[in-house]
Amino acid sequence: MRTWATRSIPVLAILITASLSQWASPPLAAEREAPTRGIAGIVKDEAGHPLAGAWVTAVNTTTTSRPRETVVTDESGHYVVPDLPGLGPYEIRVRVYGYADRWIKNVSVGAVVDIEYGSQDRLGSKETAAQYPAQYWVSLLDSPSDSKVKAAGFADQRAWMGQLAMNCMLCHQLGTSITRRPKTRAEWDAVLKLAGSMDNFANLLNRDLLLDTLAGWSEKIQGGALPPESPPKPTGKEARYILSEWEVGTPFSYQHDLAAAYVWDPTIGAAPPKGAAGKWIYTGDIGWGTIYGVNTETGQVKVWDIPFVPAKKWAFQSWNVYPWKSNPHTLEVDKDGRLVILADISDEDGAGVFPVGNRDIVIFDPRTESWIPIVTKCDTHTVRIDQQGRYWLSGNIDLLCMYDPSTKTERQWKLPVEFKSIGGFLYGIDVAPDGTVWFSQPWGNTIGRYDPATDTIKQWEIPAPGFGPRRLRTDSKGNVWLPFANGHLGVYEPKTERFRFWATPGPKRQSPSSSADYHYNLFVDRTGNAGKRDTVYISGTDSDGIIAFDPETEAFVTYRVPTLGFFIRELEAFDGGIWTVYSNDPAKHVEKDPNQEAPVPRLVKLKFPR
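Just so it is clear, the model here is predicted, and its values are computed rather than measured.

Conventions used here
- Residues numbered from 1 in each chain as written.
- Predicted model: local features only at pLDDT ≥ 70, side-chain atom pairs only at ≥ 80, totals over all residues.
- Heavy atoms only, no water.
- Helix = DSSP H or I, 4+ residues; strand = E, 2+ residues; numbered from the N terminus.
- Buried < 20%, exposed > 50% of the residue type's maximum accessible area, 1.4 Å probe, protein only.
- Contact = heavy atoms within 4.5 Å.
- Areas by Shrake-Rupley, 256 points an atom, 1.4 Å probe, with all protein chains shown as cover.
- Pairing = 2+ DSSP bridges.
- Disulfide = S-S within 2.5 Å.
- Core = buried A, V, L, I, M, F, W, Y, C linked by side-chain atoms within 4.5 Å.
- Phe/Tyr/Trp six-rings, centres within 6.5 Å; stacked < 30°, edge-to-face > 60°.
- Lys NZ or Arg CZ within 6 Å of the ring centre and 35° of its normal.

A. Summary view of the overall build of the protein. Along the protein, the regular secondary structure elements total 8 helices and 39 strands. Out of the 610 residues belonging to the protein, those deemed buried represent 61%. The long-range fraction of contacts in the protein, counting pairs at least 24 apart against all pairs at least 6 apart in sequence, stands at 61%. Surface exposure of the protein reaches about 22,100 Å², of which carbon and sulfur atoms provide 52%.

Right, dumping it as structure tokens:
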């Protein structure tokens, strides 16, 4: 085990919290006094008018993990950053669409800091568009004609565009400054050959058709095209939050998933490390074979190497900066506060998806810092724990797997509908309150259910407009909520046997009709730990935010963050909020962008006003 004592390693954890009273009305003079442990003020534009929808971030530069908190100015331009961790001093950054960032250094807790922009801070249309989330630039990408995609062997535009979203946004955002930098057809071909996974997916999409599409997108941008619409500034509910962050990793960390709490009772959090106390969240660095722990109360960070490293390295075919080692993917908290981690810990390959490499299971108890290896016959990708403590596993082609730690036995089920190659890959998986197990096959565009009462499996093909179901989740009533690669939210209702769909917020693509966003994952707050029970939280993987959906009102609320490149995956409820983890490719492969901080991993907590 190692404890980081320098600032050389960043991962950020984000906390969002606010009270409605804080934002209810324009501040009086007395209300402009900062709280004892906070900083307050007003942000104004160059004409002296209050500037609403600006992000104000306070960064503690004297603490190793650089704790920071962000709030959004209200209609009166007023902001309050409360409950800052430590005395500081702090650096204040103000970010808002249409203006250059403003920084104020050496600010003390308890200070009132007013910020007024000047005319020199105003940005032109091109510079302002560079501040937009990636999805706004992806909306400029034209879909190939229906005849072209059918000639390439795809059913229709929905299928081809859905596969493009799944394959080209699997590990990074499409639409960031480096991806939208104009490239010729030959240059795009060279880019796709930088990593084996990208090269293979390009061939699956019909390489010529993909290159034509990407080159056409580049030509539009090179010709001066800008996103047809701009993102709205945060207002109302979308502005009521606080963003708290702690830096934890290296610029080369690839934090993939997190473990926050036991899903059946999120009041049970992950156990603290040996000799420590407080609330701890854990993430897995998929590129370096390590587990990080963050104390969200003190900002302390610890990291452990998974002690089992197979001789055969995992063939992920990504950037060669990674040693790949044990390749931890999904983490879950069991009812005893231990971590259930899927990682490559043995050379005994199981059923197999790739020619080499296989993830197994390893149990980590932070209290004793002990590890229990479990070698499986199945490849493992995503794990969900049922109420009996059994581990349900995705990660194989046309094969559902389960491991029971109480009996140390494993079972497999061959799916009745078989696909060729990657189309049958089981990806998302979840256990409903009634014990049924649901899974998704995004490349095959299906979902399925295992019913333990009858020991049977049934599958359904996804109808339009949804395509590419990712990490699904069930609600307290047993409905199955589906995040789609083509920017839709869906639900399958077992009682009525029907699908329903909603296009998520943001710019829309006309052909085929869909959101330009991409949704890697979602979480359903079955217990109401973070807010209203059964609220659906969706990863805005290409839109720099978390999207909340209320099934009763069918209303979306987008909680966007001020950091570009906010590529998020797993979501969990714990400690009255929603947590997620963010990661991106190494910094040296990402073009420097004045609006974008270093692409370091981040742990995120989202908390809403009650």
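B. Molecular detail of the pairing of strand β14 (residues 301-305). Among the 5 residues that make up β14, 4 are buried, leaving the element largely enclosed by the rest of the structure. The antiparallel hairpin formed by strand β13 (residues 290-295) and β14 contains 5 residues in its connecting segment, where Gly299 sits at a positive phi of about 85 degrees.

C. Geometry of the state of the cysteines. Under the counting rule described, the total for this entry stands at 1 disulfide. Each sulfur of the disulfide joining Cys378 and Cys401 lies 1.9 Å from the other. Across the S-S bond linking Cys378 and Cys401, the dihedral sits near -80 degrees, which makes this disulfide left-handed. Of this pair, Cys378 sits in the loop between β18 (370-374) and β19 (383-385) while Cys401 sits in strand β21 (residues 399-404), placing them 23 residues apart in sequence.

D. Region of the structure containing the nonpolar core. Core analysis: the largest hydrophobic core is formed by 79 residues, its most contacted members being Trp160, Leu210, Trp217, Trp392, Leu400, Tyr537 and Ile578. For this core, the element with the most residues is helix α4 (residues 157-168), which contributes 7 residues. Aside from chain neighbours lying at most four places away, what touches Leu400 is Trp392, Leu393, Arg411, Gln412, Trp413, Leu415, Leu426, Ile429, Val437 and Tyr450. Formed by 20 residues, the second largest nonpolar core is a distinct cluster that contains Ala58, Val94, Ile115 and Ile242.

E. Expanded view of the sheet that holds strand β3 (residues 39-44). Ordered by their spatial adjacency, 3 strands build an open sheet running β6-β3-β9, and the pairing between neighbours is mixed. Only two strands of the sheet have a single neighbouring strand rather than two, namely β6 (78-81) and β9 (115-116). Where β3 meets β9, 2 bridges bridge the pair, whose relative direction is parallel. Considered in β9, the bridge of Lys44 is made with Glu116.

F. Quick look at the packing of aromatic side chains. Counted according to the given criterion, the structure contains 32 aromatic pairs. An aromatic cluster of at least three residues, connected via ring pairs, comprises Phe201, Phe425, Tyr427, Trp443, Tyr520 and Phe567. Over the ring of Tyr427 we find Arg470; its NZ or CZ atom is 4.3 Å from the centre of that ring. Here the guanidinium or amino end of Arg526 rests over the ring plane of Trp264, the centre of that ring lying 4.4 Å away.

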